[in-house]
Protein chains: 2
Amino acid sequence: MASTSPEPSTAAAVAEADCSVQIRRLEATDHEKGFVALLSQLSACPDLTASEFAACFADLAALGDDHVILVAEDPASPERRILATGCLFVERKFLRGGGKVGHVEDVVVDAAARGRGLGIRVVRRLVEIAKEAGCYKVILDCTPELRAYYAKCGFVEKGVQMAIYF
Amino acid sequence: MASTSPEPSTAAAVAEADCSVQIRRLEATDHEKGFVALLSQLSACPDLTASEFAACFADLAALGDDHVILVAEDPASPERRILATGCLFVERKFLRGGGKVGHVEDVVVDAAARGRGLGIRVVRRLVEIAKEAGCYKVILDCTPELRAYYAKCGFVEKGVQMAIYF
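Residues numbered from 1 in each chain as written. Chains lettered and ligands numbered in written order. Predicted model: local features only at pLDDT ≥ 70, side-chain atom pairs only at ≥ 80, totals over all residues. Heavy atoms only, no water.

Identification of chain A as Glucosamine 6-phosphate N-acetyltransferase from Oryza meridionalis is taken from an unreviewed UniProt entry. The record held by UniProt for chain A lists under Subunit (unreviewed entry) the comment "Homodimer." If you open the UniProt record of chain A and go to Pathway (unreviewed entry), you find "Nucleotide-sugar biosynthesis; UDP-N-acetyl-alpha-D-glucosamine biosynthesis; N-acetyl-alpha-D-glucosamine 1-phosphate from alpha-D-glucosamine 6-phosphate (route I): step 1/2." (UniProt positions renumbered as here; feature names shortened; annotations may be inferred.)

Visitor: Which residues make up the pairing of strand S6 (residues 156-165) of chain A, and what values go with them?
Guide: Note that S6 of chain A and strand S6 (residues 156-165) of chain B share 7 bridges and pair antiparallel. Residue Gln161 of chain A lies in a different strand from S6 of chain B, and its bridge partner there is Gly159 of chain B. Note: S6 of chain A against strand S5 (residues 137-142) of chain B, 6 bridges, orientation antiparallel. In the sheet register, Met162 of chain A faces S5 of chain B, and the bridge partner there is Leu140 of chain B. (Pairing = 2+ DSSP bridges. Helix = DSSP H or I, 4+ residues; strand = E, 2+ residues; numbered from the N terminus.)

Visitor: Pulling in residues and values, what's your account of the interface of chain A and chain B?
Guide: The interface is formed by 57 residues belonging to chain A together with 57 residues belonging to chain B. Between chain A and chain B, the buried area comes to about 5300 Å², and carbon and sulfur atoms account for 66% of it. On the chain A side of the interface with chain B, the three residues burying the most area are Phe94, Met162 and Phe166 of chain A, jointly 18% of the side's total. If you look at where chain A meets chain B, you find 4 salt bridges. Between Asp106 of chain A and Lys93 of chain B there is a salt bridge, with its nearest N and O atoms 2.9 Å apart. Applying the counting criterion to the chain A and chain B interface returns 20 residue pairs in polar contact (both at pLDDT 80 or more). Looking at the side of chain A that touches chain B element by element, the count peaks at 10 residues for S6 of chain A. Residues belonging to the side of chain A that touches chain B are distributed by class as follows: 36 nonpolar, 9 polar and 12 charged. (Contact = heavy atoms within 4.5 Å. Buried area = accessible area lost by both parts, 1.4 Å probe. Salt bridge = Lys/Arg side-chain N within 4 Å of Asp/Glu carboxyl O. Polar contact = N/O pair within 3.5 Å; in protein donor to acceptor, adjacent residues only side chain to side chain. Nonpolar A, V, L, I, M, F, W, Y, C, P; charged D, E, K, R; others polar.)

Visitor: An account of helix H3 (residues 50-61) of chain A is requested, with residue identities and associated values reported.
Guide: Taking 1.5 Å as the rise per residue, H3 of chain A with 12 residues should run 16 Å; its terminal C-alpha atoms sit 16 Å apart, in good agreement. Turning to H3 of chain A, its buried residues number three or more, namely Phe53, Cys56 and Leu60 of chain A. Buried residues in H3 of chain A, looked at end-on, bunch into an arc of 70°, giving them a common side. The exposed set on the far side of H3 of chain A, more than 90 degrees from its buried face, consists of Ala50 and Ser51 of chain A. Those residues of H3 of chain A that are buried lie in contact with helix H2 (35-39) and strand S2 (67-73) of chain A together with strand S3 (82-92) and helix H4 (95-98) of chain B. (Expected span 1.5 Å × (residues − 1). Buried < 20%, exposed > 50% of the residue type's maximum accessible area, 1.4 Å probe, protein only. Arc of directions from axis to C-beta.)

Visitor: Describe the confidence of the model for chain A, listing the residues and the values that go with them.
Guide: When pLDDT is averaged across chain A, the result is 89; 90% of the residues are at 70 or more. The ipTM assigned to the predicted complex is 0.88, against a pTM of 0.89. (pLDDT = per-residue confidence, 0-100.)

Visitor: Talk me through the sheet that holds S6 of chain A; I want residue IDs and the actual numbers.
Guide: Across the sheet, which stays open at both edges, the 12 strands sit in the order S1(A)-S2(A)-S3(A)-S4(A)-S5(A)-S6(B)-S6(A)-S5(B)-S4(B)-S3(B)-S2(B)-S1(B) with mixed pairing between neighbours. A single partner strand is all that each edge strand has here, and the edge strands are strand S1 (22-25) of chain A together with strand S1 (22-25) of chain B. Between one strand axis and the next, the sheet turns through 25° on average, direction left out of account. As paired strands, S3 of chain B and strand S4 (residues 100-109) of chain B are joined by 8 bridges and run antiparallel to one another. Across the sheet, residue Thr85 of chain B finds its bridge partner in S4 of chain B, namely Val108 of chain B. Sheet contacts for helix H5 (residues 118-132) of chain A: S1, S2, strand S3 (82-92), strand S4 (100-109) and strand S5 (137-142) of chain A together with S6 of chain B; angle to S3 of chain A, the most-contacted strand, approximately 25°. (Axes fitted to C-alpha atoms, helices over the stretch in contact; angles between N-to-C directions.)

Visitor: If you had to explain the packing of aromatic side chains to someone new, which residues and values would you point to?
Guide: For the structure on display, the rule yields 13 aromatic pairs over all chains. Both rings, one in Phe89 of chain A and one in Phe89 of chain B, keep their centres 5.5 Å apart while their planes meet at 70°; by these two values the pair is edge-to-face. Here Phe89 of chain A, found in strand S3, pairs with Phe89 of chain B, found in strand S3, and the two come from separate chains. Judged by its relative accessible area of 6%, Phe89 of chain A is buried. (Phe/Tyr/Trp six-rings, centres within 6.5 Å; stacked < 30°, edge-to-face > 60°.)

Visitor: Give me the lowdown on the relation of the copies chain A and chain B, citing residues and values where you can.
Guide: Rotating chain A by 180° and translating it 0.0 Å along the rotation axis places it on chain B, where the RMSD comes to 0.0 Å. Here the transformation between the copies is reduced to the relation of a two-fold axis. The C-alpha atom lying nearest the rotation axis in chain A is that of Val160 of chain A; the distance is 2.2 Å. Mapped onto chain B, 100% of the interface residues of chain A again fall at the interface, so both copies present the same surface. (Least-squares fit on C-alpha atoms with pLDDT ≥ 70 in both.)

See below:
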């Protein structure tokens, strides 16, 4: 059941509202729905012009099912903003008989939509897609504070992430 | 200066031998040089038939410079075995204005060739390739024991790695 209330005042209303939130693949028109602004809540993400967005979208779309960006949107909301997103890309290896590994990246929930489980819905769906694609594992990197969050999606701590920034 | 001594007995001899070790991209003929057997020292890696290897090689080669596998080989050695390997793949993002991230994966040095700095040479070259490709960062996951090893290549600890195995 859909609710267009922007600020549901009860737990029941929140649950009702979230039933209407759809998890779907990123579309070319999502530039107008605040997708880039949402990413900027995660990391440095300057706005892209419509043509820059279209070029980036086309580059990633060319990777087909090896690169999946999911978004959460409430079609019943008048704003039609993207509320959450997460990405899966599939790496192919020689290991494991030519095996595949799913990498979850760039998970973020709009500050005004947190606490509603939207990020977890996105991540669980990405994990399902990785499994359906035949990956033997799915991995992600996060800050130590987010261990419990990703544990809700079935992840366990495996190692440390190292980085060099140029 | 090349040395074909399989067991150099002095530090000078080791250094001399390693001058002859070349770091180069994986080639289709490396199946016969023990590449898959080397990977099996890292993780489960059943042997591949020649045609399976060729198919996997072609899949990855199709990714061009977005997927680079380096190997270390001593052309002066009669065995011509692959002594070390490491992989870089480039992920494209909407973040950072359509930025790129390099992922280092599947670094392994043959047990009989460890302690000669071959893995570090491979990883440093992968980092250079990531930088040349315009990546804004390069990342990898490892066990906590390998922090110091990757620190020698310039990496610093950034977060935790989480995983689900199917």
